Amino acid sequence: MSETTPAPATATPAKPAPKAAPAARHAEKKPAVTLATMTPEMNAVQQHFGEVLIQPAPFEGFLVTDPAKVRDVALFLRDQLHFEMLSNQTAVDYPAENVIEVVYHVSHISGGRPLCFKTRVPRDESVAVPSVTPVYPGAEFQEREIYDMYGVRFSEHPDLRRILMWEGFNGWPLRKDWKEAYYEGDTKPFDSRWPGGHHKLAEERVPWADNVNYPPGFDPNAYVSNPDGNLYESMLTGTNGHELSAPEIDIGADTVVGVEPGLKTDQIIVNMGPQHPSTHGVLRMVVRIDGETITDLKLVLGYLHRNHEKIGERNTWLHNIPYTDRLDYICGMANEMGYVIAVERMMGIQPTERAEYLRVIMAELTRIQSHFWAIGFVLNDLGAFYTPALYFITERDLIIDLFEAVTGSRMMCNYMRFGGVARDFTPEQLARARELVFERIPRAIDELERLLSDNEIIKARTIGVGYMSAERSIAYSLTGPCLRAAGVPYDIRRADPYSIYDRFDFDIPVLYGGDVYDRYRIRVLEMRQSLRILEQALNQIDQTPAGDIQAGKKAYNHRVPAGQTYARVETPKGELGFYLVSDGGQNPWRYHVRSSSFINLNSMREMTIGQKVADAVVILGSLDIVLGEVDR
Amino acid sequence: MGLLGTGILKGLSVTLTHFINTYLEDLKYLGRKAGVEPRPLRRQSPKNYGLVTVEYPKERLPLPENFRNIPFLVRDSKTGGDKCTSCGICAKVCPPQCIWIVRTTDPVTKRPVPAPKEFYIDSTICMNCGYCAEFCPFDAIKMNIEYELADYGRIQEMILDKERLTKPDTYHAAIHPTDWAREQAEKAAEEEKKRQAEEAKAKAAAAKTAAAPAKPAAPASQQPNAPPQA
Ligand code: SF4
Ligand code: SF4
């Protein structure tokens, strides 16, 4: 492939049993493929589209053999079979077969397992896949990401540009033959570490060094305004492909939203971020404003991109657990839970009872502390600097003190294991958890409500701001509290239950305002429901034997049977999914994170248009994103 | 909704409560255990409703026993040697691959000796996950509790070699009393088992070397040290 840098001349010389190249590894495992069984939904699709077009796919879902038909299939699934939401979209590279597979997961809002369908395009970029954004607008960022990472083009996509990498980047980094800077080997563990591990700095030991490589015709010295210029220009002329960008707007015209007719005003482009305290990390919002009113908004992402997924595919299955902590670093254990559940599903193992309880306790405490944090920082964005935020951080600190005591770390907990958890609670720690859940946190939430819920300034600033209807939220694949604040009671804990959530008595709160105020209130209500779960879990956990926290023998070299799975959990931010493909080896063949923060940002544009600049900050805060998970 | 402004007043009452509670807490502690119970403990108590500032670095929060930061190697104070057998498990489970081990080989027999010759942890890369300590079968590597590790240099200071990594087991016992107790409790049984196993192994090995002296460099050292090209 032209975009990959040449193989290192000095790579490990002839070895008796070299690690098979990825392509070979995959080809070798090929015979073990099992075809998915046809479900009623798949039969319906097959009847409608015919057998030639639809085939059972390896392992899961079905294959749309003609990529050109993907959008029709999506439309059929949405309108006839009521898969209203696109949960996940990603791609997998199979160099041995010279194809890239684009994978879609669609869900019913009413619940149930997601339906998976796929299509395959050759790796040479000759075939474009019709974009499903007209059917599922939530695909916008995901398709851009697939384009960015795999080089799959999507026809009729409104804005197909790189999203996480910059424009001067050459190559498709998630393809199996792409070698990153400081590349050492396809899979860990690396042979150089033991038994002859003389330490050598990365820059001295690898031939790949910084591995910088520009696309043909790209001059990094000339890179000042060109790609950004395109971005700005498209925003100013309204040619960035979105229907919503009010194409009739042209600069200086008097038809602009929110401007009195007859008044000639100039619209200007303002960059907020990437280094801006309001963006909760390194996120750049490019806004076109007319006075104080936002008329268009574009997000520029990727400042925190480290290719988590590539790292994940180099890692062994076990190595990935601590890395998931770094996704949404506010709720590390919620991420771990999603990942271990996905791997357990593929390995066909079950954690012990006690481990299930401990996981639920940790996940719900994580939800509470994350919501405390989110609410505190929305208040910051509103201009109530730090007084409320610090009150809630005080409470959150009590929770993460407990995390630290149990797991050893306040945020990077690395607590879950396949088939169990790393440590049991001691009786004192359980007592502390009970004290928090039964005494301290309920009071703190009451106090939070007294402090904020009736506050007239907060209401004036947030009611009706950043509104998004239920239909648009679903279309944009918005999940988590923001979706539930728009009137859709969709929560994975109920919609597609995992772990032992089916045992607990709790409600999925739902509000109908769809604005920033309801996104705040829904979090308060969810904290109370989490407390309900915690109360039950802490009462029931004593019925399980102490210390029984690991099913089977603790191992470090897991082999996961060939197959694939999409497992999802409800984190405080929304639906977190892991799409994993195994070729039967020690490392994932594909490790994809369906990140709710990232996909929730899809809807940001529509929420902010017509609002004031100061409100954009609040709307972003109400989405509660964490850039570690957005950029991955 | 009531009168405009009542919501704000309600909120302000919360702020006022915090303000008053902070002084009440101080009074409580003045009367009872001034200077006995330090502020950090009050800050960590769910019973405290005031606002507490821990004046780091003069005061520090107490660390829980499980707290983990860069690992260290344990030296057996009885034998004076490393507990590490250079089995390489920690190097394999280390997610960012920051552990480097050179195994010792016996100069005569060319067989691996269960002790590391060199042992490095690149602490700039270590992610403090604790896997090495968790999966080491010999309790030879443990997580440290030191956290003020900033330094000016990157190579001498941050790439820890065996000497700088090694700490006596008394240190381990002091910072991890529970873990140490578990180790001690297991030790008797373990040692017994190990001794028996070793005896059996020695016998078997003796029989094997006697039977087949032609293949001394059997499984363990089959990899011809694939070090980076010098
Ligand atoms: S520290 Fe433990 S796991 Fe690592 S090489 Fe030594 S004995 Fe093996
Ligand atoms: S703590 Fe984790 S990252 Fe650090 S040396 Fe041990 S295994 Fe490696």
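The structure presented is a predicted model; accordingly, all values stated were derived computationally and were not measured.

Asks: Would you mind going over the site of ligand 2 with me for this structure?
Replies: Within the structure, ligand 2 sits among 14 residues, and B:Cys94, B:Cys126, B:Cys129, B:Gly130 and B:Cys132 are positioned closest to it. The residue inventory of the shell around ligand 2, partitioned by class, reads 12 nonpolar, 2 polar and no charged.

Asks: Even after reading the chapter, I still don't get unusual backbone geometry, so can you show me in this structure?
Replies: Glycine aside, a negative phi is what most residues show, and trans is what most peptide bonds show. The peptide bond linking A:Lys188 to A:Pro189 adopts the cis configuration, its omega dihedral lying at -5 degrees. Turning to its location among the elements, A:Pro189 is positioned in the loop between β7 (154–155) and α5 (202–205). For the peptide bond that leads from A:Trp194 to A:Pro195, omega is 5 degrees, which places it in the cis range. Structurally, A:Pro195 can be placed in the loop between β7 and α5. Within the chain, A:Asp624 stands out as a residue other than glycine whose phi angle is a positive 55 degrees. Tracing the chain through its elements places A:Asp624 in the loop between α20 (613–623) and α21 (627–631). In this structure A:Asp624 comes out as buried when scored by relative accessible area, which is 6%. If you check the backbone angles, B:Asn128 has positive phi at about 55 degrees while not being a glycine.

Asks: Honestly, the pattern of salt bridges in this entry has me stumped. Any pointers?
Replies: Oppositely charged side chains can form a pair if their charged atoms are brought close together. One pass over the structure, following the stated rule, counts 56 salt bridges over all chains. Note that B:Asp139 and B:Lys142 form a salt bridge whose closest N and O atoms lie 2.9 Å from each other. Judged on exposure class, the residue B:Asp139 and its partner B:Lys142 are both buried. The partner of B:Arg182 in a salt bridge is B:Glu186, and the shortest N-O contact between them spans 3.1 Å. Taken together, the residues span about one helical turn, with B:Arg182 and B:Glu186 both in helix α7 (residues 177–211) at a distance of 4 residues. Residue class for B:Arg182 comes out partly exposed when judged on its relative accessible area of 33%. One connected set of salt bridges, linked through shared partners, spans A:Glu364, A:Arg367, A:Arg484, A:Asp491, A:Arg493, A:Glu526 and A:Glu570.

Asks: Any chance you could explain the interface of chain A and chain B here in plain terms?
Replies: The figure often quoted for interface size is the accessible area lost as the parts come together. Facing 60 residues of chain A, the contacting portion of chain B comprises 58 residues. Each partner contributes to the roughly 5600 Å² buried at the junction of chain A and chain B, and carbon and sulfur atoms together form 56% of this total. Seen at the junction of chain A and chain B, the total is 2 salt bridges. The closest approach of N and O atoms between A:Lys554 and B:Glu134, which form a salt bridge, is 2.5 Å. Here chain A and chain B share 26 residue pairs in polar contact (both at pLDDT 80 or more) between them. Every element with two or more residues in the side of chain A that touches chain B is listed here: α5, α8 (320–325), α11 (387–407), α12 (427–452) and α13 (456–462) of chain A. A class-by-class count of the residues in the side of chain A that touches chain B yields 21 nonpolar, 14 polar and 25 charged.

Asks: What should I look at first to understand the packing of aromatic side chains in this one?
Replies: Each aromatic ring pair is summarised here by two numbers: the centre-to-centre distance and the angle between the ring planes. Scanning the model with the defined rule gives 22 aromatic pairs over all chains in all. Taking the centre distance of 5.7 Å and the plane angle of 80 degrees together, the rings of A:Tyr339 and A:Tyr591 count as edge-to-face. Taken as a pair, A:Tyr339 in helix α9 (residues 332–347) and A:Tyr591 in strand β17 (residues 588–594) lie far apart in primary sequence, 252 residues in all. Residues A:Tyr556 and B:Phe135 carry aromatic rings whose centres are separated by 6.3 Å and whose planes lie at 70 degrees to one another, so their mutual orientation is edge-to-face. You can see A:Tyr556 sitting in the loop between α17 (516–540) and β15 (563–571) and its partner B:Phe135 sitting in helix α4 (residues 131–135), one on each of two chains. Residue B:Phe135 is classed as buried on the basis of its relative accessible area, which comes to 9%.

Asks: What is the right way to look at the domain arrangement of chain B in this model?
Replies: Examined at the domain level, chain B breaks down into domain 1 (10–62) and domain 2 (69–182). In this structure, domain 1 of chain B and domain 2 of chain B have C-alpha centres spaced 40 Å apart.

Asks: So what exactly am I meant to see when it comes to the nonpolar core here?
Replies: Side chains of a nonpolar character, in soluble globular proteins, are inclined to be buried together. Ranked by internal contacts, the top residues of the largest apolar core, which has 165 residues, are A:Leu77, A:Phe117, A:Leu301, A:Tyr415, A:Phe425 and A:Leu601. Broken down by element, this core gets its largest block of residues, 14 residues, from helix α10 (residues 353–382) of chain A. Sequence-distant contacts of A:Leu601, that is, excluding residues within four places in its chain, are made with A:Phe141, A:Leu283, A:Leu299, A:Leu301, A:Leu620, A:Leu623, A:Ile625 and A:Val630. By size, the runner-up hydrophobic cluster in this structure holds 21 residues, among which are B:Leu73, B:Ile99, B:Cys132 and B:Ile141.

Asks: Looking at this model, I keep getting lost on the domain arrangement of chain A. Mind explaining?
Replies: Residue and element names in this part refer to chain A. Taken as a whole, chain A is organised into domain 1 (32–155) and domain 2 (308–631). Distance between the C-alpha centres of domain 1 and domain 2: 28 Å. Each partner contributes to the interface: domain 1 provides 33 residues, whereas domain 2 provides 30 residues. When domain 1 packs against domain 2, the two sides together hide about 2600 Å² of surface, and 57% of this comes from carbon and sulfur. Connecting domain 1 to domain 2 are 1 salt bridge. In this structure, Asp496 and Arg113 form a salt bridge, with 3.1 Å as the shortest nitrogen-oxygen distance. Where domain 1 packs against domain 2, one counts 18 residue pairs in polar contact (both at pLDDT 80 or more). Residue assignment for the side of domain 1 that touches domain 2 shows that the elements contributing at least two residues are β3 (85–94), β4 (99–107) and α4 (139–150). Considering every element that reaches the side of domain 1 that touches domain 2, the biggest residue donor is β3, with 10 residues. Residue composition of the side of domain 1 that touches domain 2, grouped by class: 15 nonpolar, 11 polar and 7 charged.

Asks: Looking at this structure, I do not really get the side chain of A:Thr479. What am I missing?
Replies: Residues and elements named next belong to chain A. Within the element layout of this structure, Thr479 appears in the loop between α14 (470–475) and α15 (481–484). Taking the relative accessible area as the measure of exposure, Thr479 reaches 1% and is therefore buried. With residues up to four places along the chain from it excluded, the contact list for Thr479 reads Met85, Tyr490, Lys573, Gly574, Glu575, Arg594, Ser596 and Asn600.

Asks: Got a minute to help me understand the pairing of β3(A) in this structure?
Replies: Remark: a regular strand shows side chains that alternate across the two faces of the sheet. Residue and element names in this part refer to chain A. Most of β3 sits out of view: 10 of its 10 residues are buried. Alignment of β3 against β4, held across 9 bridges, turns out to be antiparallel. By the bridge assignment, Val92 is partnered in β4 with Glu101.

Asks: Quick question: what am I supposed to make of the packing of α10(A) against α20(A) here?
Replies: Packed helix pairs are characterised by how far apart their axes lie and by the angle those axes make with each other. All names here are of chain A. In the contact formed by α10 and α20, the axes pass within 9 Å of each other and the chain directions differ by 175 degrees. Classified by the angle their axes make, α10 and α20 are roughly antiparallel. Counted together, Val378, Asp381 and Leu382 of α10 and Val617, Val618, Gly621 and Ser622 of α20 form the full contact between these two elements. A class-by-class count of the residues in the contact of α10 with α20 yields 4 nonpolar, 2 polar and 1 charged.

Analysis parameters
Residues numbered from 1 in each chain as written. Chains lettered and ligands numbered in written order. Predicted model: local features only at pLDDT ≥ 70, side-chain atom pairs only at ≥ 80, totals over all residues. Heavy atoms only, no water. Near = heavy atom within 4 Å. Nonpolar A, V, L, I, M, F, W, Y, C, P; charged D, E, K, R; others polar. Helix = DSSP H or I, 4+ residues; strand = E, 2+ residues; numbered from the N terminus. Buried < 20%, exposed > 50% of the residue type's maximum accessible area, 1.4 Å probe, protein only. Salt bridge = Lys/Arg side-chain N within 4 Å of Asp/Glu carboxyl O. Contact = heavy atoms within 4.5 Å. Buried area = accessible area lost by both parts, 1.4 Å probe. Polar contact = N/O pair within 3.5 Å; in protein donor to acceptor, adjacent residues only side chain to side chain. Phe/Tyr/Trp six-rings, centres within 6.5 Å; stacked < 30°, edge-to-face > 60°. Domains from an automatic or database assignment. Core = buried A, V, L, I, M, F, W, Y, C linked by side-chain atoms within 4.5 Å. Pairing = 2+ DSSP bridges. Axes fitted to C-alpha atoms, helices over the stretch in contact; angles between N-to-C directions. Parallel < 35°, antiparallel > 145°, perpendicular 65-115°, else oblique.

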